[in-house]
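Residue-level structure breakdown
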Amino acid sequence: MPASTALLTDRYELTMVDAALSAGTAHRRSVFELFARRLSGARRYGVVAGTGRLLEALEQFRFTDAELEWLAGEQFLRPETLDWLADFAFSGSIWGYPEGEVFFPGSPLLTVESTFAEGVLLETLALSILNADSAVATAASRMSHASGGKPLAEMGSRRTGERSAVAAARAAYIAGFSATSNLEAGRSYGIPTMGTAAHSFTLLHDSERDAFAAQVASLGPGTTLLVDTYDIEQGVRNAVAVAGPGLGAVRIDSGDLPVVVGRVRRLLDELGAVDTRITVTNDLDEHTVAALAASPVDSFGVGTSVVVGSGSPTMGMVYKLVARTGDDGDWVPVAKRSAEKASIGGRKGVRRITSAAGTVLGEHILLREGAADNLRLGQGESAQEVVVPLVIDGAVQPGHTGPEGIAAARERHQRSVAALPPVAMSLTRGDPAVPTVYED
């Protein structure tokens, strides 16, 4: 049985439950909302990722004897609260933006309706997964566009935590990367894996030719040979001499890449290896990928930059109570008024406005029931619902988890990005690609 995820949370979630149970308010019906006040790094759009992982974690959010025994030993919860936790299973409902979808400031990415106690327990889990995964996916999406359609491989496992590496590979794949170097990501999520040899393999052998010969003997001439351990030009000559003109690819991991790539392409052609591909690595990000997109590079390998969100490792998402019932059972909208951290109370809906040509014009957030009926649309414009059910009465809805959910998210992401206006593809810092409009 998979390990419990119940302690992947902050202590104050449990102390709030404890106090609310004591006060008699824990079972008030409540609505929580997860959103980002702004786009980190002044990005033009964000990409939702981690939804499937959150739903999988929710199914394992149970307090087993091991968790309860440890909590009892910490002595910060009443016995009555430990008894409540022992029986916990989320029974509420969650709606949200489906994974792979684009979003903008204020977009209600998750809406959780449950009792206060059940909903507040999910805060840290939801934020830790979606903040990290969406940051990776947003960076990966920018890189995918910058590549001009050329394949990108995620290879940043050694630049982040061992479990974060798996999640990052998943998020990058959803946002357009074609493969990962991480085997656990391949096993867990069905992502294609890639990788051949590092510089240490070349250094192990008495000569570069010996190293290439050993690799070709093992993996065949269609392999990728790393040619920059010593001298790049000689490395290319050695690679073709060993593997023949049918060599699959050469990899370059150093040097002034725009200049080096051109020289390598000319040399490969001169040696008759006209179909041998060139892949480059070497601390790439969306800006260097864009600079190389028009060069004779055939594919890219991106490590550090993608797994750390290319300078924005979190999306700055928050999880806020926006409505709850009073003692009379009526719904009451609630909101923070803190300076620069104010929230908007009440449960919300979303309509995305698109032109007759299918280009996104704006994100309209509906602040009251019936607001959608009052939307003013121009000729040919349409309004699409964005939010979908993810969990209904405690039951995770099908199609959002596992390889099936990843495939759907990857396809959805392609459609969503294709519908954005051209300004969304700018790599410079700026305002969101489309405005967020609140409809009351």
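Please refer to the structure higher up on the page.
These notes cover the structure that comes with them.

The rules behind each value
- Residues numbered from 1 in each chain as written.
- Predicted model: local features only at pLDDT ≥ 70, side-chain atom pairs only at ≥ 80, totals over all residues.
- Heavy atoms only, no water.
- Helix = DSSP H or I, 4+ residues; strand = E, 2+ residues; numbered from the N terminus.
- Buried < 20%, exposed > 50% of the residue type's maximum accessible area, 1.4 Å probe, protein only.
- Contact = heavy atoms within 4.5 Å.
- Areas by Shrake-Rupley, 256 points an atom, 1.4 Å probe, with all protein chains shown as cover.
- Lys, Arg positive; Asp, Glu negative; His and termini not counted.
- Charge placed at Lys NZ, Arg CZ, Asp CG, Glu CD.
- Expected span 1.5 Å × (residues − 1).
- 1 Å grid on protein atoms, 1.4 Å probe; cavity = no way out; pocket = protein on both sides within 12 Å on 5 of 7 lines; lining within 4 Å.
- Points joined across faces, edges and corners; volume = space filled by probe spheres on them.
- Nonpolar A, V, L, I, M, F, W, Y, C, P; charged D, E, K, R; others polar.
- Axes fitted to C-alpha atoms, helices over the stretch in contact; angles between N-to-C directions.
- Parallel < 35°, antiparallel > 145°, perpendicular 65-115°, else oblique.
- Left-handed = near helix turned anticlockwise from the far one by under 90°.
- Core = buried A, V, L, I, M, F, W, Y, C linked by side-chain atoms within 4.5 Å.
- Salt bridge = Lys/Arg side-chain N within 4 Å of Asp/Glu carboxyl O.

Time to look at the overall build of the protein. Counting its secondary structure elements, the protein contains 15 helices and 19 strands. In terms of overall dimensions, the protein has a C-alpha envelope of 85 × 60 × 40 Å along the principal axes. Here the protein, with 440 residues, has 52% of them falling under the buried criterion. A sequence separation of at least 24 residues applies to 74% of the contacts in the protein between residues at least 6 apart. Surface exposure of the protein reaches about 19300 Å², of which carbon and sulfur atoms provide 50%. Separation of charge centres in the protein, based on 39 positive and 52 negative side chains, amounts to 5 Å.

Right, let's talk about helix α7 (residues 162-174) for a bit. With 13 residues, α7 should reach 18 Å at 1.5 Å per residue; the first-to-last C-alpha distance of 19 Å fits that figure. Of all 13 residues that make up α7, ten are buried, and the element is covered over most of its length. Downstream of α7 by one or two residues, Gly 176 has phi in the positive range, about 120 degrees.

Of the pockets and cavities examined, the largest pocket occupies roughly 940 Å³. As for the largest pocket, its lining consists of 34 residues, and the residues nearest its centre are Met 155, Met 194, Gly 195, Arg 251 and Thr 281. Only β6 (152-154), β9 (249-252), β10 (277-280) and β11 (299-302) provide two or more residues apiece to the lining of the largest pocket. Per-class residue counts for the lining of the largest pocket are twelve nonpolar, 15 polar and seven charged. Here the second largest pocket defines a volume of roughly 780 Å³. Lining the second largest pocket are 29 residues, with Leu 8, Arg 53, Ile 129, Arg 163 and Tyr 189 positioned closest to its centre. Mapped by element, the contributors of at least two residues to the lining of the second largest pocket are α2 (51-59), α6 (123-146), α7 and α8 (183-189). Among the elements that make up the lining of the second largest pocket, the one with the highest residue count is α6 (seven residues). Of the residues in the lining of the second largest pocket, the class split is 16 nonpolar, eight polar and five charged.

On to the packing of helix α10 (residues 208-219) against helix α11 (residues 232-243). Following both chains from N to C, one finds α10 and α11 inclined at 40 degrees, their axes separated by 9 Å at the closest point. In terms of orientation, α10 lies oblique with respect to α11. In the crossing of α10 with α11, the sense of the turn from one axis to the other is right-handed. Residues Glu 208, Arg 209, Phe 212, Ala 213 and Val 216 of α10 form the contact with α11, whose participating residues are Gln 234, Gly 235, Asn 238, Ala 239, Ala 241, Val 242 and Ala 243. Split by residue class, the contact of α10 with α11 holds seven nonpolar, three polar and two charged.

Among the nonpolar cores identified, the biggest contains 55 residues, and Tyr 45, Ile 252, Val 264, Val 280 and Val 306 are the most heavily contacted of them. The residues contacting Ile 252, other than those within four sequence positions of it, are Val 227, Asp 228, Ile 232, Leu 257, Val 260, Val 261, Val 264, Ile 278, Thr 279, Val 280 and Thr 281. Membership of the second largest hydrophobic core comes to 49 residues, among which are Leu 77, Leu 85, Phe 103 and Ile 129.

Going through the model one piece at a time under the given rule, you end up with 17 salt bridges. Note that Glu 233 is salt-bridged to Arg 237, the shortest N-O span being 3.4 Å. Highlighted residues: Glu 233 and Arg 237, both in helix α11, separated by four residues, approximately one helical turn. One salt bridge in this structure joins Arg 351 and Glu 385, with 2.8 Å as the shortest N-O distance. In this pair, Arg 351 is assigned in strand β14 (residues 349-354) and Glu 385 in strand β16 (residues 382-385), connecting sequence segments 34 residues apart. Through salt bridges with shared partners, a single network forms among Asp 18, Arg 78 and Glu 80.

This next bit is on empty space enclosed by the protein. One pass over the structure, following the stated rule, counts three cavities of 30 Å³ or more. Roughly 50 Å³ of volume is contained in the largest cavity. Together, Leu 54, Leu 58, Ile 94, Leu 110, Val 112, Leu 122, Leu 125, Ala 126 and Tyr 319 line the largest cavity. When residues of the lining of the largest cavity are traced back to their parent elements, those giving at least two are α2, β5 (110-115) and α6. Here the residues of the lining of the largest cavity are counted per class, giving nine nonpolar, no polar and no charged. Its boundaries defined by the atoms lining it, the second largest cavity holds a volume of some 40 Å³. Lining the second largest cavity are Ala 197, Ala 198, Phe 201, Thr 202, Ala 211, Phe 212, Gln 215 and Leu 226. Counting only elements with at least two residues in the lining of the second largest cavity, the list comes to α9 (199-204) and α10. The dominant element in the lining of the second largest cavity, judged by the number of residues it contributes, is α10, at three residues. Tallied by class, the residues present in the lining of the second largest cavity amount to six nonpolar, two polar and no charged.

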